Amino acid sequence: MGATVIDGREVARSVRERVAEEVARLAAPPGLATVLVGDDPASALYVRNKRKQCTQAGIRDLHQHLPGDVSQESLSAVIDELNADHDVTGILLQLPLPRHLDPAALIGRIDPDKDVDGLTPISAGRLAQGTNGLRPCTPSGVIELLDAYQVPVEGAEAVVVGRSELVGKPQAQLLLERNATVTICHSRTRDLDAACGRADILIVAAGVPELIRADAIKPGATVIDVGIHRTDDGLRGDVHFETARHVAGAITPVPGGVGPMTIAMLLRNTLAAAQP
Ligand code: NAD
């Protein structure tokens, strides 16, 4: 029997709807300042989608577009102004930045209570210590998918492939927060397939096309594929979907799995940041 295919588009739609309902009840709408530096077409497209979905949910669009040669000092000053502006309840600095800029210093400057991407060191510390704070969007979206499909997390063996600050590390911490037994695998893991084969919940964010094949998956496991790769055969993930779907109990497709959740969780964070 084939796996349940987890419908990220549908779950994301329902998150967006709930956010829009709650935004409509607020006395003042949240205001999201997306900050785009330069003219990278992929970044411009991402930011356009984020702004569009925010506006559709009733969030004010306070976008800032800065030239690609903006200095570190000028961009720092823009972030300081947004931090001080009461109409701005959320700030998102679109990455990657042009090479002459230091992203860590700029992200670290964002007020952690407006850090809707959940990437500042303070937000990371709050997550590590399990205190209230804004969590990174993609790994939060994965938890939302698990909840939407009623996948039991408490006590489950969860394996995360990847340890980036953006996905893998916060993903592992979010699973720990939910009382999973968590293993983190990475590029130096000795026997990746053996570790993955123990997972009741396998989350793959390695950035390697079709790295995980059916023989590394425990029968009946829930497999969440965060990877996204443009190939000659179309979009592919980090999991070999066509074989994995015959072994897994539930699996996300690419596209239509984790991808749509990221912006939905950005909306959720923007709502949360506006309600201190
Ligand atoms: P990254 O390159 O920063 O991190 C990759 C991680 O995977 C590293 O920790 C590395 O140790 C590990 N890794 C690499 N090769 C490995 C291997 N052969 N075996 C085991 N571990 C290995 O990438 P990232 O930013 O975490 O993103 C991961 C993937 O998720 C990428 O494909 C990216 O495009 C995608 N992504 C998707 C979304 C979304 O919204 N769907 C959001 C963020 C990232």
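Everything in this summary refers to the structure shown in the same document. The structure displayed is predicted, hence computed values, not measured ones.

Quick look at the site of the ligand now. Surveying the vicinity of the ligand reveals 21 residues, the closest of which are Arg-163, Ser-164, His-186, Ser-187 and Thr-262. Residue His-186 places a main-chain N or O atom 3.4 Å away from a nitrogen atom belonging to the ligand. One of the backbone nitrogen or oxygen atoms of Val-226 is found 3.4 Å away from an oxygen atom of the ligand. Partitioned by chemical class, the residues of the shell around the ligand number ten nonpolar, ten polar and one charged.

This next bit is on the pairing of strand 8 (residues 201–204). Every other side chain in a regular strand lies on the same face of the sheet, so the side chains alternate between the two faces. Neither face of strand 8 is open: one carries Ile-201 and Ile-203, the other Leu-202 and Val-204, and all of them are buried. In the sheet, strand 6 (residues 157–161) pairs with strand 8 via four bridges, with the strands oriented parallel. Note that in strand 8 the partner of Val-160 across the bridge is Ile-203. As defined by bridge partners, strand 8 adjoins strand 9 (residues 222–225) across four bridges and the pair is classed as parallel. In the sheet register, Leu-202 faces strand 9, and the bridge partner there is Val-223.

With that settled, consider the nonpolar core. Core analysis: the biggest nonpolar cluster contains 44 residues, and Leu-146, Leu-175 and Ile-201 have the highest contact counts within it. Mapped by element, the contributors of at least two residues to this core are helix 1 (8–25), helix 6 (137–148), strand 6, helix 7 (168–177), strand 8 and helix 10 (259–273). Broken down by element, the residue count for this core peaks at eight residues, all from helix 10. Counting contributing residues, this core receives three or more from each of domain 1 (28–111) and domain 2 (137–259). Setting aside residues no more than four positions away along its own chain, Leu-146 makes contact with Val-151, Val-153, Leu-175, Ile-201, Thr-222 and Ile-224. Grouped together as the second largest cluster of nonpolar side chains are 20 residues, Cys-185, Val-204, Ala-216 and Ala-248 included.

Time to look at the packing of helix 1 against helix 6. To characterise two packed helices, one gives the angle between the axes of the helices and the distance between these axes. Orientation of helix 1 relative to helix 6, taken along the N-to-C sense of each, is 100 degrees, at an axis distance of 10 Å. Our classification of the angle between helix 1 and helix 6 gives roughly perpendicular. Across the interface between the two elements, Gly-8, Val-11, Val-15 and Arg-18 of helix 1 pack against Glu-144, Leu-145 and Ala-148 of helix 6. Residues that form the contact of helix 1 with helix 6 fall into these classes: four nonpolar, one polar and two charged.

Analysis parameters
- Residues numbered from 1 in each chain as written.
- Predicted model: local features only at pLDDT ≥ 70, side-chain atom pairs only at ≥ 80, totals over all residues.
- Heavy atoms only, no water.
- Near = heavy atom within 4 Å.
- Polar contact = N/O pair within 3.5 Å; in protein donor to acceptor, adjacent residues only side chain to side chain.
- Nonpolar A, V, L, I, M, F, W, Y, C, P; charged D, E, K, R; others polar.
- Buried < 20%, exposed > 50% of the residue type's maximum accessible area, 1.4 Å probe, protein only.
- Helix = DSSP H or I, 4+ residues; strand = E, 2+ residues; numbered from the N terminus.
- Pairing = 2+ DSSP bridges.
- Core = buried A, V, L, I, M, F, W, Y, C linked by side-chain atoms within 4.5 Å.
- Domains from an automatic or database assignment.
- Contact = heavy atoms within 4.5 Å.
- Axes fitted to C-alpha atoms, helices over the stretch in contact; angles between N-to-C directions.
- Parallel < 35°, antiparallel > 145°, perpendicular 65-115°, else oblique.

No statement about biological role is implied by the geometric values presented.
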